[in-house]
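Results of the structural survey
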Amino acid sequence: MYCSRLLMRALAFFGGLALVSVLPTITQGYMLATSSGTCQGPTMSLGDSPRKVLVTGAGGRTGTLVFQKLQAKTDFQPIGLVRSKKSASKLRKAAGATDEQIVIGDVMDPATLSKALEGCDSLILCTSATPKILLFSIIKILFKKLLRRAPGRPEFKFPPRGEPEEVDWLGAKNQVDAAIAAGVKHFVFLGSMGGTQPDNFLNSIGKRPDGSGGDILLWKRKAEKYLIQQANSHGMSYTIVHPGGLLDKPGGQQELVFDVDDVLLQRTTRSIPREDVAEVCVQALLQPKAKNVALDVIAEAVGTGTPTTDFSALFDSLQNRSCAYESP
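Here is a short report on the structure shown in this document.

Conventions used here
Residues numbered from 1 in each chain as written. Predicted model: local features only at pLDDT ≥ 70, side-chain atom pairs only at ≥ 80, totals over all residues. Heavy atoms only, no water. Helix = DSSP H or I, 4+ residues; strand = E, 2+ residues; numbered from the N terminus. Buried < 20%, exposed > 50% of the residue type's maximum accessible area, 1.4 Å probe, protein only. Polar contact = N/O pair within 3.5 Å; in protein donor to acceptor, adjacent residues only side chain to side chain. Phe/Tyr/Trp six-rings, centres within 6.5 Å; stacked < 30°, edge-to-face > 60°. Pairing = 2+ DSSP bridges.

1. Here's the deal with the side chain of Asp-248
The topology assignment puts Asp-248 in the loop between strand E9 (245–247) and strand E10 (256–259). Residue Asp-248 is classed as buried on the basis of its relative accessible area of 9%. For Asp-248, the side chain forms a polar contact with the side chain of Arg-274, separated by 3.2 Å.

2. A closer look at unusual backbone geometry
Of note, Arg-148 is a non-glycine position whose phi angle comes to about 60°, a positive value. Checked against the element boundaries, Arg-148 lands in the loop between helix H6 (135–146) and strand E6 (156–157). Of note, the phi angle at Asn-292 is positive, near 60°, even though the residue is not glycine. Looking at where Asn-292 falls in the secondary structure, it is placed in the loop between helix H10 (274–283) and strand E12 (293–299). Classification of Asn-292 as partly exposed rests on a relative accessible area of 38%.

3. A few points about helix H3 (residues 61–71)
Across the eleven residues of H3, eight count as buried, placing the element largely inside the fold. Listing the buried residues of H3 in full gives Thr-62, Gly-63, Thr-64, Leu-65, Val-66, Phe-67, Lys-69 and Leu-70.

4. Description of the packing of aromatic side chains
Where two aromatic rings form a pair, the distance of their centres and the angle of their planes describe that pair. Inspection of the entire model under this criterion finds two aromatic pairs. Both rings, one in Trp-169 and one in Tyr-226, keep their centres 5.9 Å apart while their planes meet at 90°; by these two values the pair is edge-to-face. With Trp-169 in helix H7 (residues 164–181) and Tyr-226 in helix H9 (residues 216–234), this residue pair connects regions lying 57 residues apart in the sequence. Side by side, Trp-169 and Tyr-226 carry an identical accessibility label, which is buried. A ring pair is formed by Phe-258 and Phe-315, whose centres lie 5.1 Å apart and whose planes are at 75°; its orientation type is edge-to-face. With a gap of 57 residues between them, Phe-258 in strand E10 and Phe-315 in helix H11 (residues 311–316) connect regions that are remote in the sequence.

5. Brief notes about the pairing of strand E4 (residues 122–125)
Residues in a regular strand point their side chains to alternate faces of the sheet. Residue alternation in E4 divides its side chains into two sets, Ser-122 and Ile-124 and Leu-123 and Leu-125, and both sets are buried. Here strand E1 (residues 51–56) pairs with E4 via four bridges, running parallel. Across the sheet, residue Thr-56 finds its bridge partner in E4, namely Leu-125. Where E4 lies against strand E7 (residues 186–190), four bridges are found, and the strand directions are parallel. When the sheet's bridge partners are listed, Leu-125 is paired in E7 with Phe-189.

The following block contains the structure:
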């Protein structure tokens, strides 16, 4: 059971759809659902000209949902930055993106970011290092379970140029620098809860015997601190969103809860549909009280509370609180 919970926490964070055929055996029947619902919220009148918003990581599951939600609002003109032609094709099919709305490139390349940000009012960062689970480690776990031995943990490996230090620190830093250079007014950073916990299991993923690698939450937090410092110095506002475990299920059907400093990790239910996370990212561009705030968010269990539709009230619930970041 312990191994199963750890595996599901990792997969909820990174999204391991490739192994959905073998996961039920390991996770006692857990299956990923597809996103099909909608999450509605109030909009703000922004004038005749739509705001141009760059979504980086738009080829990912959460990034695609963010792009879709922006595309559905007349107030915005989304631009999606993806890493490959395959991801670009996916964005066209899933979100109706046009060729003019897609930029293929790498966040490690400042020139690509500069091009993608031309004329953009805002940036929503949805990039994240994504490891691949090692199939051999799954086989070992299954074999040990058959022998009624302690199964141990699954093993992951990050691809070349895909380590957390590269993507979640240097890549995110590049995005902050490029946004400031382009005159971006508001920066939304999609991170994760757990950043206050150096010993969090997610930081162990990809960790090598010599201690290098991994630390994805710590690198994200370092980038968040950099964003706050640079935004404050250059007059750019920001919103940092830390969701709980990400679920591939319809949004708009549960009550959302905001808090700060990983307090929500103490709850039994601490997950949230990706679609609801995407809506929070979009609402961060619309709600005045979303400016210069770092927050944690989860969804209440289905049937508990009232599905969130008033995002102004949701941001009000923070009562001017924000996640604390110690000085570097």
